[in-house]
Amino acid sequence: MEHIKKLLDLNKDVFIQTDSPKKATKNVIEKLQDYVILKQTTYPLSPFSTFLKTNFDEKVFQKISKKYSLDIVEYFLKLIQEREVDVMEFFEEYFEIVEFSIKRNELYNLIAEFFIKLILKSNVKNLVIHVTCSEIFTSSSHILKVFLKTPKRPRLVLIEDISDTESVSGNMGVEKHILLFSSKHRKPRKVLSNKNMFLEHYRWMCWEVCVLLYSIDEKLRNNKSIKLKAVISMVGNNSIDDAIDDFYSMLENLKDNENMVTLSRLNRLLASLYSISQSRWKLAINAARKSYEFALRSGDEREIILSKSLMFFVGLMDSNELFELFNYLRENKQLFKKLYNYITNFYYFYIVIRNKIELEEILKIAKATEEDLIRSNDKFKLVLHYHLLANVMVEFGNFEEAIKYDLKALRTAREVNSPNISHIYNSLSHIYYTTDKFDKALYFSKLSLKESISKIDIKEVCMSLVNIAYVYIITNYFNYANEVIETLMSLIQRANISKLPIHSNTKLWVMDMYVKRQLSGISSLFSKLLSMRDEEIEYLDTEGKAFYHWGLSMIKESPRAKIYHLRQALDYITKNEFKYIEAKIIRDLIYQLENNRDSNGFLDNIRNFIAMRKLQHPLYEDILFKNVPVVKLGKIRIPGDILIQQAQHQYQITSLQSKKNELRFLNKVQEVLIRENQENVLVNRIVRLIKNSFLVEKVIFFDREKNLLISMPDISDIEKYYIENIKISDIEYPDDSLPYKYNKIIPIIFSNGETKGFLILASNDPSYFIEEEQIGTVKISALLLSNKLEIIKSQNKLEKLAKIDFLTGIPNRVEIDNFIVRELERCSRVSNYCFSLAIIDLDNFKFYNDTFGHIIGDVILREFAKKLSRVVRKVDFVGRFGGDEFVVIMPYTDRTKALLAAKRWFRVFENSFWEEVILDYGNNKIEIPEDKKLSMSVGVSDIIEANYDIERLFSIADKRLYMSKKSKNKVN
C-alpha cells in the first residue's frame, strides 16, 4: 500500500475505491497523525449524523438553528436523540412535492452546517470517511459537497468499500487526482475527476422510516404489492419516472378495490408524482380528477376537501369553486390550519380569486399568517407568502414594495434551492416592465428561461417565452417577438400542451396575430379565435377576455364592430393591474375613433386618460405612438431546435406512458376475465375497473338478453328507460339515443353475430369524458368481455371453445383474440416489436357447399386447415376466424415480410386436394369449371401501421382482403 502513503504526502483530497477496506484504512491512519475517522453505519445519514449524535454541542447548534424552520430543527433533534420520527407530521393534510423537496434540502443544509462547525472547531487536519455501502451514502453526498466548498477545511480521505456492491460514486471528485484502487489490480490507476463531487441522486434514508403509510388503510399496509417506501425513495433519488412506473403498477393492483378513500389518497399521490415529472405532468390532471371522484364516492368529508385542494393545485378550479373551498376552510380553520395557510398564501389563490375578493381582504388574509410563518421560519410557505404579497402590491400600484417582496421570496427560495425560482424571476420581469425598466424585465425573463431549460421543464420554458415576447411586443421589437412566439407555439404543439398556467391560449393567439400584422403578415391562429365556444369565452379571466376582443377587432371588417371590440378589450384590460399592452389597444382604438365622427367625446376621454398615464410612465407616449423600438434591448438567443426536440421527446414519452398504462389496464382486464367465472360478478368487476381507470361519469352494462342493468354509479328510471330501448342503429348516432351530451355505446357481440348487450360510457361534462384514443382500449376490453361471456354461456363446451375450433381442430376466435392480446402485451415489453395479421378467405368455397353438400364442405375446411398449418412457420399462429375465413398471426414480422410469407402459402393448392375429398365421398364423376377451382384471398396488416389498435389491425386486414377478392392480386 505504498502508493496510498505517497498520495497522502501530496496533501490533497484522496478517494480510494478498494475491496480491502480494512487494510486501506489501516494504511491511511498509520500515515496520518491528526485525524477524525468516521465509519458509515445503517443509521440515517450516517456517518455524519452518527458523529453529530456523539459530539453534539448545544451552543453551536443554538447559533445555527435559528435560520432553519422550527419543524426541521425539531425533526433533526428527534433523529439525533433517536426519538420516534414521522416525516408525515409535515404533510398530514396535503402532500406537496415542492414542499417535500424544500424540507429535505433544509434538513441536509442543517446537518451539513452543524457538522462542518464541529469539525472546524476540533481543529483536526484530516477527515477520514469509510463508506461501507455506496448506494446508501449518496444521501450523505450533499453534506460532503458543502464540506468540500468550505475554506480552510481539513483534508478529506474517502475510502469506499466496493467488495460487495458496485460503486455509485464513481464520478465523484474534488478537481484533483483521484486514486482508484482494488487489490485485484497490480497497479493503482489515476484519473481526473469531473466537477461534481457526487451523483445528484440522494436517498432519503431518514425520510423512509414511515413515509406515506398514512395514505393506505391498515388492511393494505402489509400487502406486498404496496411499496410506498421504495417509491418515495426513488423520488428522493430524483428517479421520478421510475417512481411513477412502480407506483402505477402498485395502484393498478388496487383499481378493482372498493375502498374509495384508499383510491382517492393514492391518486392524490400519483397526481403529485405526475406534476413533477418533466414528461408526464399533463397526466396529473386526470389523476387529480380521479382522486376527487373517488373522494365523492367515499363520502369522506375530509378526503373530499383534500381532493378539492388538489384540484386547485393542478389548475382545475375556477374562481367560484375556489371561493366555496376558501369559505369552508376559513370556517374550519382549526381542522385544516396548514391547508388554509398554504392555499391563502399561494399566489395562484390571488390569481384565481381576485375577482371574488377585494384586494384589501386578500392582503388582510395573507398578513394574518405572516407572523406565524416568520416565527416558525417556514421557508416553503414564506416563499409563497412573499410572492403573493408582491402580486398584490403590483395591483395596488406599489411597485417598489412588490419588487422588495419578490426579492425576499427569491432570497428565501435560493436558501432552500426551491424548484419554483423561475416563477419568481418571471414575476420580477413583469413588475420591472410595468415600471418602464425593460432591460431588467428582459434580464429576469432570461434568468427564468435559463433556469427552466436547465431543469428541462418545457412548461416553464413556455411561461418564460411568453414574458420575453411580451417585453419585445411592448417595446416594438416585432421581429424578435415573432421569433419567440413561433418557438413558443412550436413547443406548445410539440409537447401537446393544452393550456399554460395563468396565460390563456387566447392571449397567445392574439399576440401572434398582432405581431404578424405589424410585420405585414397574416397569422393562421385567427381561426382558433373564431371557433371559440361561448362557454370557453365565459371561462376566460379578464385579461383573456381583453385579448379575445382585441383579436376580434383585428378580424372584423366593420369600423363600428372594431370600435365595439376595442372598447370591450380596453374595459377588461384595465380591470387588472396596469399592463402596457393597453397602449397597443388604445392605439388601435384611436385610429378607428379618428375616422368616426360620432366618437369625438369618447376620443377626448381617451386623450385625458393617456395624459394621466404619461405622468406615471414616461415611456407611455412613445410606446403608444411609435412603431420602432423605444428602448435598446438585446436579442435573447433561444436554443429553439433543441427545445422543440425536447418537447417532442416529452410528448412521445407521455404518449408511450399512456399506452403502457392502457396495456396495464388490459392486463388487469385479462386477469379478471381469467379468474372470474360468475357472469354478474365478472361484469360488475369489469364495469368497476373501467370506471376506476378512466375519466368518465358513468359506466353502464346492459344485458339485453336478461334485461339486466349494471351501472356505476346508479342511474335513474328515465335513464334506464332510454338504455333498455337502445337499438343497434343507435350506435352510429348515439347523441339522440341517451340523456347524456357525451356517450359511447360499445356493443357486446358474440361470434355468431348475437348482440348480448351494450357497454355504455356516458357523461354530461366534456372535461370528464374518456379521451378518444382510450376508447380503443375499452373496445378491446369489451371484445374480451364478450368472448368470456360467450364462454360462460356455453359452459358445457368451455374447454373446447376456449382453445379449439370443433370442426377444423385449430384455434378458434377466442384463442385468436387471446393470442393477439399477448402479442400486444409483448409490444409494451420489447422495443420496436412488430407482429402481423393475415385474414384468409377461401374463394369459390360456396360452390362446393352448394354443389356437393355441407359435409364435403366441412371436410374441405378441415383439410385446408391442416395444409395451411404445415406451410407456416412453427412460431406462427393459425386460427379459424369463422365460416371459410382463417387467420394467421406472425410474431416478429412486419407487413413486408408477411406478404412474402403469404405468397408461399399458395402451395397448399398445388395438388387439388378438394377433388380427392369429393372422390372419397363417392362422387366418381366430377367436373369442376376452371373458374370454380378452390383458391384463397389474403389481407395483411401489421400492428405498427394499426397504431397498436387491435380493432384497427383487423379492419385494415379485412379491407385488404376485400381488395384481394376483387382483383387479380390475391395478396394485399
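The structure presented is a predicted model; accordingly, all values stated were derived computationally and were not measured. (Residues numbered from 1 in each chain as written. Predicted model: local features only at pLDDT ≥ 70, side-chain atom pairs only at ≥ 80, totals over all residues. Heavy atoms only, no water.)

**Considerations on the overall build of the chain**
Then, in step 1: Counting secondary structure elements, the chain contains 42 helices and 14 strands.
Then, in step 2: Going through the 972 residues of the chain one by one, you find that 56% of them count as buried.
Then, in step 3: Taking as baseline every contact in the chain between residues at least 6 positions apart, the subset at least 24 positions apart corresponds to 67%.
Then, in step 4: Within the structure as shown, the chain displays about 44500 Å² of accessible surface, and the carbon and sulfur contribution to it stands at 49%. (Helix = DSSP H or I, 4+ residues; strand = E, 2+ residues; numbered from the N terminus. Buried < 20%, exposed > 50% of the residue type's maximum accessible area, 1.4 Å probe, protein only. Contact = heavy atoms within 4.5 Å. Areas by Shrake-Rupley, 256 points an atom, 1.4 Å probe, with all protein chains shown as cover.)

**A short note on the packing of helix 15 (residues 337-344) against helix 18 (residues 379-396)**
Then, in step 1: Close contact between helix 15 and helix 18 brings their axes to 9 Å; oriented N to C, the two are set at 40 degrees. With respect to each other, helix 15 and helix 18 are oriented oblique. Contacts between helix 15 and helix 18 involve K338, Y342 and T344 from the former and F380, K381, L384 and L388 from the latter.
Then, in step 2: Counted by class, the contact of helix 15 with helix 18 contains four nonpolar, one polar and two charged residues. (Axes fitted to C-alpha atoms, helices over the stretch in contact; angles between N-to-C directions. Parallel < 35°, antiparallel > 145°, perpendicular 65-115°, else oblique. Nonpolar A, V, L, I, M, F, W, Y, C, P; charged D, E, K, R; others polar.)

**Considering the sheet that holds strand 12 (residues 877-882)**
Then, in step 1: An order of 12-13-11-14 is seen for the four strands of this open sheet, with the pairing classed as antiparallel. Strands with a single pairing partner mark the edges of an open sheet, and in this sheet they are strand 12 and strand 14 (935-942). Ignoring which end each strand starts from, the neighbouring axes of this sheet average 25 degrees apart.
Then, in step 2: The pairing of strand 12 with strand 13 (residues 885-890) spans five bridges and is antiparallel. Looking at the pairing, R880 lines up with F886 of strand 13.
Then, in step 3: Seen against the sheet, helix 40 (residues 895-904) touches strand 11 (836-843), strand 13 and strand 14 and runs at an angle of roughly 165 degrees to strand 14. (Pairing = 2+ DSSP bridges.)

**Remarks on a nonpolar patch on the surface**
Then, in step 1: Taken together, the side chains of I522, F526 and L530 make up a nonpolar region of the molecular surface, amounting to roughly 320 Å² of accessible area.
Then, in step 2: Looking at the element boundaries, I522 is found in the loop between helix 24 (505-518) and helix 25 (526-530).
Then, in step 3: The exposed category is assigned to I522, whose relative accessible area is 74%. (Patch = residues over 30% accessible without salt bridge, like charges linked within 9 Å, V, L, I, M, F, W, Y side chains within 5 Å. Salt bridge = Lys/Arg side-chain N within 4 Å of Asp/Glu carboxyl O.)

**So, the nonpolar core**
Then, in step 1: If you look at the biggest cluster of nonpolar residues, it comprises 145 residues, and the most contacted ones within it are F312, I343, F438, L488, L500 and W550.
Then, in step 2: When near neighbours in sequence (up to four residues on either side) are disregarded, I343 contacts S309, F312, F313, L322, L325, L329 and F349.
Then, in step 3: Within the second largest apolar cluster, 55 residues are counted, among which are V672, L689, F701 and L961. (Core = buried A, V, L, I, M, F, W, Y, C linked by side-chain atoms within 4.5 Å.)

**Topic: the packing of helix 20 (residues 421-434) against helix 22 (residues 458-474)**
Then, in step 1: Orientation of helix 20 relative to helix 22, taken along the N-to-C sense of each, is 10 degrees, at an axis distance of 10 Å. Classified by the angle between their axes, helix 20 and helix 22 sit roughly parallel to one another. Of the residues in helix 22, those in contact with S422, H423, N426, S429 and Y433 of helix 20 are E460, M463, S464, N467, Y470, V471 and I474.
Then, in step 2: Of the residues in the contact of helix 20 with helix 22, the class split is five nonpolar, six polar and one charged.

**A word on the environment of V261**
Then, in step 1: Note that V261 resides in helix 11 (residues 260-275).
Then, in step 2: Linking V261 and R297, residues 36 residues apart in sequence, is a C-alpha distance of 8.5 Å.
Then, in step 3: Not counting residues within four places of it along the chain, the set of residues in contact with V261 comprises S298, D300 and E303.

**Observations regarding the pattern of salt bridges**
Then, in step 1: The final tally for this structure, using the stated rule, is 49 salt bridges.
Then, in step 2: One salt bridge connects R265 with E303, and the closest N-O pair in it is separated by 3.3 Å. Of the two residues, R265 sits in helix 11 while E303 sits in helix 13 (residues 301-313), which places them 38 residues apart along the sequence.
Then, in step 3: You can call E303 buried: its relative accessible area is 2%.
Then, in step 4: Across the pair E293 and K691 runs a salt bridge whose closest N-O atoms are separated by 2.2 Å. Of this pair, E293 sits in helix 12 (residues 283-298) while K691 sits in helix 33 (residues 679-693); the two residues are 398 residues apart in sequence, bridging distant segments of the chain.
Then, in step 5: Salt bridges here are not isolated pairs; linked through shared partners, they connect E679, D703, E705, K706, E754, K756 and K793.

**Digging into helix 38 (residues 845-852)**
Side chains three or four residues apart in an α-helix point the same way, a direct result of the helix having 3.6 residues per turn.
Then, in step 1: Within the span of helix 38, buried status applies to F845, Y848, N849 and F852. On an axial view of helix 38, the arc spanned by its buried residues comes to 105 degrees, and they lie on one face. Every exposed residue of helix 38 that faces more than 90 degrees away from the buried side is listed here: K846 and D850.
Then, in step 2: In the stretch just after helix 38, G853 is the one whose phi turns positive, near 100 degrees. (Arc of directions from axis to C-beta.)

**Some words on the side chain of N812**
Then, in step 1: Following the sequence through the fold, N812 ends up in the loop between helix 36 (798-803) and helix 37 (813-829).
Then, in step 2: Within the structure, the side chain of N812 is placed 3.2 Å from the backbone nitrogen of V814, a separation counted as a polar contact. (Polar contact = N/O pair within 3.5 Å; in protein donor to acceptor, adjacent residues only side chain to side chain.)

**Here we look at the side chain of T412**
Then, in step 1: With respect to the helices, strands and loops of the structure, T412 is situated in helix 19 (residues 399-415).
Then, in step 2: Of the polar contacts made by the side chain of T412, one reaches the backbone oxygen of K408; its length is 2.9 Å.
Then, in step 3: Dropping the residues within four chain positions of it, T412 is found in contact with K379, L382, V383 and Y386.

**A look at the sheet that holds strand 10 (residues 755-763)**
Then, in step 1: Strand order across the open sheet formed by four strands is 8-7-10-9, with antiparallel pairing between neighbours. Unpaired on one side and paired on the other, strand 8 (708-712) and strand 9 (742-749) mark the two borders of the sheet. Going across the sheet, the axis of each strand differs from the next one's by a mean of 15 degrees, ignoring polarity.
Then, in step 2: Where strand 7 (residues 698-703) and strand 8 come together, five bridges link them in antiparallel fashion.

**Overview of the pairing of strand 13**
For a regular strand, side chains alternate in direction, first toward one face of the sheet and then toward the other.
Then, in step 1: Taking burial as the measure, the six residues of strand 13 include five buried ones, the bulk of the element.
Then, in step 2: Bridge analysis of strand 11 against strand 13 gives six bridges, and the strand direction is antiparallel. Note that in strand 13 the partner of I840 across the bridge is F886.

**Comments concerning the packing of aromatic side chains**
Then, in step 1: Enumeration according to the criterion identifies 45 aromatic pairs in this entry.
Then, in step 2: Put simply, the rings of F312, F313, Y342, F346, Y348 and F380 touch in pairs and so form one group of aromatic residues.
Then, in step 3: In this structure, K356 is placed above the aromatic ring of F323, and the distance from its NZ or CZ to the ring centre is 5.5 Å.
Then, in step 4: Taking NZ or CZ as reference, K507 lies 4.5 Å from the ring centre of Y470, over its face. (Phe/Tyr/Trp six-rings, centres within 6.5 Å; stacked < 30°, edge-to-face > 60°. Lys NZ or Arg CZ within 6 Å of the ring centre and 35° of its normal.)

**Let's talk about helix 24**
Then, in step 1: Across its 14 residues, helix 24 extends 20 Å between first and last C-alpha, which sits within 8% of the 20 Å expected from 1.5 Å per residue.
Then, in step 2: With 11 of its 14 residues buried, helix 24 lies for the most part within the structure.
Then, in step 3: Of the residues making up helix 24, those classed as buried are T506, K507, L508, W509, V510, M511, D512, M513, Y514, V515 and K516.
Then, in step 4: Against the buried residues of helix 24 lie helix 22, helix 23 (478-494), helix 25, helix 27 (542-555) and helix 29 (581-594). (Expected span 1.5 Å × (residues − 1).)

**Observations concerning the confidence of the model for the chain**
Then, in step 1: In this model, the chain carries a mean pLDDT of 80, and residues with pLDDT of at least 70 account for 83%.
Then, in step 2: Note on residues 165-222: pLDDT under 50 across the span, and 177 contacts to partners over four residues away in sequence or across chains. (pLDDT = per-residue confidence, 0-100.)

**Topic: the pairing of strand 4 (residues 155-161)**
Then, in step 1: With seven of seven residues buried, strand 4 is to be regarded as a mostly interior element.
Then, in step 2: The side-chain alternation of strand 4 yields two buried faces, one formed by R155, V157, I159 and D161 and the other by L156, L158 and E160.
Then, in step 3: Strand direction decides the pairing type here: strand 1 (residues 14-18) and strand 4, joined by five bridges, are parallel. Residue pairing for strand 4: T18 is matched across the bridge by D161.
Then, in step 4: Judged from the six bridges that link them, strand 3 (residues 126-131) and strand 4 form a sheet pairing that is parallel. The residue bridging H130 from the neighbouring strand is I159, located in strand 4.

**Some details on the state of the cysteines**
Then, in step 1: Throughout the structure, instances matching the rule amount to zero disulfides.
Then, in step 2: The cysteine C834 is free of any disulfide, with C827 supplying the nearest cysteine sulfur at 7.2 Å. (Disulfide = S-S within 2.5 Å.)

**What to know about unusual backbone geometry**
Then, in step 1: If you check the backbone angles, D436 has positive phi at about 70 degrees while not being a glycine.
Then, in step 2: Within the element layout of this structure, D436 appears in the loop between helix 20 and helix 21 (438-454).
Then, in step 3: When its relative accessible area of 16% is taken as the criterion, D436 is described as buried.
Then, in step 4: In this structure, N496 takes a positive phi of about 55 degrees despite not being glycine.

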